[in-house]
Amino acid sequence: MGEFELIRKYFAAAPCAQGGEGIVLGIGDDCALLALPAGEQLAISTDTLVAGVHFADPCDPFLLGQRSLAVAVSDLAAMGAHPLAFTLALTTPTVDADWLQRYALGLNLMAQNCGVGLVGGDTTRGPLSLTLTVFGRVPAGQALTRSGAQPGDLLCVGGELGNAAGALPLVLGQRSAEAAIAEPLLAHYWSPQPQLALGLALRGKATAAMDISDGLLADCGHIAKASQVSLLIEHRKLPLSKALLAFVGDDAARVAALSGGDDYVLAFTLPAAQLPSLLAEGWPIHVIGRVQTGQGVTLLDANGQDITPAVRGYQHF
């Protein structure tokens, strides 16, 4: 099977590749064409996932299809952007029809869940890797960034932490667990749900934001550095799921929440006056700390003592 037949059969024919809001021209030309309403900016982000580094190999390609797009779209959520489109650059060692079919099905499911259309990409032969570039739109001047946190702000997250990291022994086949514990943890790992709606709700309210991919401590460090402030995290306030606690226990659950990564929930800073209205709207916001003058990230125990670990999170190199 040649490159163009592969693209046509498994990707160009998928429902997510049939155009949509803001897509003027999709797959089939040298470039895709996107239209932006007046007064809006284009948000762009690229993620690469490499077999054996970012996901187990072999794995279920249907689940990988969901995960590979979700982790890229999560960056749009972190910027408060409305999703438009994405491209896929697929490098694969062989043309495996069953693998491609299942991967495309998973990719399409996540694309439809996120409201984002496939508009192009590339395919080539080589070690398995996936590079996805996502495009979104945001009103000019309203994008959430990492650089606006102010002393006195609350430090918040948009959901439970550590579930994906806690699922790794299940993903790798090192442990098993009853369905009531295993299923929610595995769902967080393979099918993270980008917090697009929360990102939109935070526009004009949050002062800084990013998605948690490399671990809470590491990613909060990026906010602290960009904003030139200090972030204090209260160890006892980390939101942990019942499934995670039952599977690994309290101590390991907190390590997973702090340094495990792959959560893909939003971490953001927020003036205290903005919190009541967001909670009243039902957003799953957990206050885990605060912003103050200084630099870096500090983890505090129940007595206010510094217990910051040396290992902060995932390192790409």
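- Named according to an unreviewed UniProt entry, the protein is Thiamine-monophosphate kinase originating from Pseudomonas azadiae.
- Quoted verbatim from the Catalytic activity (unreviewed entry) field of UniProt, the annotation for the protein is "thiamine phosphate + ATP = thiamine diphosphate + ADP".
- Per UniProt, the comment on the protein under Function (unreviewed entry) is "Catalyzes the ATP-dependent phosphorylation of thiamine-monophosphate (TMP) to form thiamine-pyrophosphate (TPP), the active form of vitamin B1."

## Quick word on the nonpolar core
Okay, step 1: Counting 94 residues, the largest nonpolar core has Phe11, Leu69, Phe86, Leu216, Ile233 and Phe268 as its most contacted members.
Okay, step 2: Among the elements that make up this core, the one with the highest residue count is helix H2 (residues 61-78) (nine residues).
Okay, step 3: Excluding its chain neighbours within four sequence positions, the residues that come into contact with Phe268 are Leu154, Leu155, Cys156, Val157, Gly158, Leu198, Leu202, Ala206, Ala208, Ala209 and Ile285.

## What to know about the sheet that holds strand S3 (residues 40-50)
Okay, step 1: Overall, mixed pairing links the four strands, which are arranged S3-S6-S4-S5 in an open sheet. Looking along the sheet, the strands with just one partner apiece sit at the ends: S3 and strand S5 (117-125). Here the strands of the sheet are splayed against their neighbours by 15° on average, with no regard to which way each runs.
Okay, step 2: The strands touched by H2 are S3, strand S4 (82-92) and strand S6 (129-139); relative to S6, the strand with the most contacts, the crossing angle is about 35°.
Okay, step 3: Where helix H3 (residues 97-114) meets the sheet, its contacts fall on S4 and S6, and the angle it forms with S4 comes to roughly 165°.

## What about unusual backbone geometry?
Okay, step 1: In this model, Asp57 is joined to Pro58 through a cis peptide bond whose omega is 10°.
Okay, step 2: For Pro58, the position within the fold is in the loop between S3 and H2.
Okay, step 3: Even without glycine at this site, Gln228 takes up a positive phi of about 60°.
Okay, step 4: Secondary-structure assignment places Gln228 in the loop between helix H7 (216-227) and strand S9 (230-234).
Okay, step 5: Taking relative accessible area as the criterion, Gln228 reaches 68% and is therefore assigned exposed.
Okay, step 6: Although it is not a glycine, Asp262 sits at a positive phi angle of roughly 65°.
Okay, step 7: Relative to the assigned elements, Asp262 resides in the loop between helix H9 (250-260) and strand S10 (266-270).
Okay, step 8: For Asp262, a relative accessible area of 18% corresponds to the buried category.

## Some thoughts on the packing of aromatic side chains
Okay, step 1: Scanning all chains against the criterion turns up three aromatic pairs.
Okay, step 2: Seen in terms of ring centroids, Trp99 and Tyr103 are 5.2 Å apart; in terms of plane orientation they differ by 5°. Their pairing is stacked. Of this pair, Trp99 and Tyr103 both sit in helix H3, separated by four residues, roughly a single helical turn.
Okay, step 3: Between the NZ or CZ atom of Arg67 and the centre of the ring of Tyr189, over which it lies, the distance is 4.2 Å.
Okay, step 4: Taking NZ or CZ as reference, Arg175 lies 3.9 Å from the ring centre of Phe247, over its face.

## Thoughts on the layout of surface pockets
Okay, step 1: Here the second largest pocket defines a volume of roughly 350 Å³.
Okay, step 2: What lines the second largest pocket is a set of 19 residues, and nearest its centre among them are Ile7, Ile27, Gly120, Gly121 and Asp122.
Okay, step 3: Counting residues per element, the ones that place at least two in the lining of the second largest pocket are helix H1 (3-12), S4 and S5.
Okay, step 4: Sorting elements by how many residues they give to the lining of the second largest pocket places S5 first, with six residues.
Okay, step 5: Residues of the lining of the second largest pocket, tallied by class, amount to 10 nonpolar, five polar and four charged.

## A few points about the pattern of salt bridges
Okay, step 1: Enumeration over the complete set of coordinates arrives at nine salt bridges.
Okay, step 2: Ionic pairing is found between Arg102 and Asp60, a salt bridge with its closest N-O pair at 2.9 Å. Of this pair, Arg102 sits in helix H3 while Asp60 sits in the loop between S3 and H2, placing them 42 residues apart in sequence.
Okay, step 3: By relative accessible area, which is 37% here, Arg102 ends up partly exposed.
Okay, step 4: Accessibility expressed as a relative area gives 28% for Asp60, which makes it partly exposed.
Okay, step 5: With a shortest N-O distance of 3.9 Å, Glu281 and Lys205 are connected by a salt bridge. Within this pair, whereas Glu281 is found in the loop between helix H10 (275-280) and strand S11 (286-292), its partner Lys205 is found in the loop between helix H6 (196-202) and strand S8 (208-211), the two being separated by 76 residues in sequence.

## Re helix H4 (residues 163-171)
Okay, step 1: In terms of residue burial, H4 counts as a mostly covered element, since eight of its nine residues are buried.
Okay, step 2: All of the buried residues in H4 are Asn163, Ala164, Ala165, Gly166, Ala167, Pro169, Leu170 and Val171.
Okay, step 3: Contact partners of the buried residues in H4: helix H5 (179-190), helix H8 (242-248) and H9.
Okay, step 4: Among the residues trailing H4, Gly173 stands out with phi positive, at a value near 75°.

Rules behind the numbers
Residues numbered from 1 in each chain as written. Predicted model: local features only at pLDDT ≥ 70, side-chain atom pairs only at ≥ 80, totals over all residues. Heavy atoms only, no water. UniProt positions renumbered as here; feature names shortened; annotations may be inferred. Core = buried A, V, L, I, M, F, W, Y, C linked by side-chain atoms within 4.5 Å. Buried < 20%, exposed > 50% of the residue type's maximum accessible area, 1.4 Å probe, protein only. Helix = DSSP H or I, 4+ residues; strand = E, 2+ residues; numbered from the N terminus. Contact = heavy atoms within 4.5 Å. Pairing = 2+ DSSP bridges. Axes fitted to C-alpha atoms, helices over the stretch in contact; angles between N-to-C directions. Phe/Tyr/Trp six-rings, centres within 6.5 Å; stacked < 30°, edge-to-face > 60°. Lys NZ or Arg CZ within 6 Å of the ring centre and 35° of its normal. 1 Å grid on protein atoms, 1.4 Å probe; cavity = no way out; pocket = protein on both sides within 12 Å on 5 of 7 lines; lining within 4 Å. Points joined across faces, edges and corners; volume = space filled by probe spheres on them. Nonpolar A, V, L, I, M, F, W, Y, C, P; charged D, E, K, R; others polar. Salt bridge = Lys/Arg side-chain N within 4 Å of Asp/Glu carboxyl O.

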